[in-house]
Amino acid sequence: AIMVLAAGNPTPAVGTFNFGPLAGSQFASTRIRLAGTQDVIAIAKMPDGTFVQASQEVKVTIGGCGG
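No experiment lies behind these values; they were computed from the predicted model shown.

Re the environment of Val40
Then, number 1: Residue placement: Val40 occurs in strand β3 (residues 38-45).
Then, number 2: Spatially, the C-alpha atoms of Val40 and Glu57 are 6.2 Å apart, while their sequence positions differ by 17 residues.
Then, number 3: Setting aside residues no more than four positions away along its own chain, Val40 makes contact with Val4, Leu5, Ile32, Leu34, Ala54, Ser55, Gln56 and Val58.

Laid out in structure tokens, this is it:
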């Protein structure tokens, strides 16, 4: 399973993706509306029961155009 969080949003939980043993691949994709520049965090539960976390700061500009 993979849980995605947007730490700076009013509702941080973006979504959880669950993969069963018959899943052809363990890949997920989503689009997120962010309230501002913030960290997006992914927490993965591995098959052996351990957890792995990764985060990335995402910069948000006014109007959605980079610069």
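Having seen it, we continue.
A short note on the side chain of Gln38
Then, number 1: Mapped onto the secondary structure, Gln38 falls in strand β3.
Then, number 2: At 2.6 Å, the side chain of Gln38 and the backbone nitrogen of Gly8 are in polar contact.
Then, number 3: Those residues in contact with Gln38, other than ones at most four positions away along the chain, are Ala6, Ala7, Gly8, Asn9, Gln56, Glu57 and Val58.

A word on the pairing of strand β2 (residues 13-17)
Then, number 1: For strand β1 (residues 2-6) and β2, the ladder comprises four bridges, and the chain directions are antiparallel. Across the sheet, residue Ile2 finds its bridge partner in β2, namely Phe17.

How each quantity is defined
Residues numbered from 1 in each chain as written. Predicted model: local features only at pLDDT ≥ 70, side-chain atom pairs only at ≥ 80, totals over all residues. Heavy atoms only, no water. Helix = DSSP H or I, 4+ residues; strand = E, 2+ residues; numbered from the N terminus. Contact = heavy atoms within 4.5 Å. Polar contact = N/O pair within 3.5 Å; in protein donor to acceptor, adjacent residues only side chain to side chain. Pairing = 2+ DSSP bridges.

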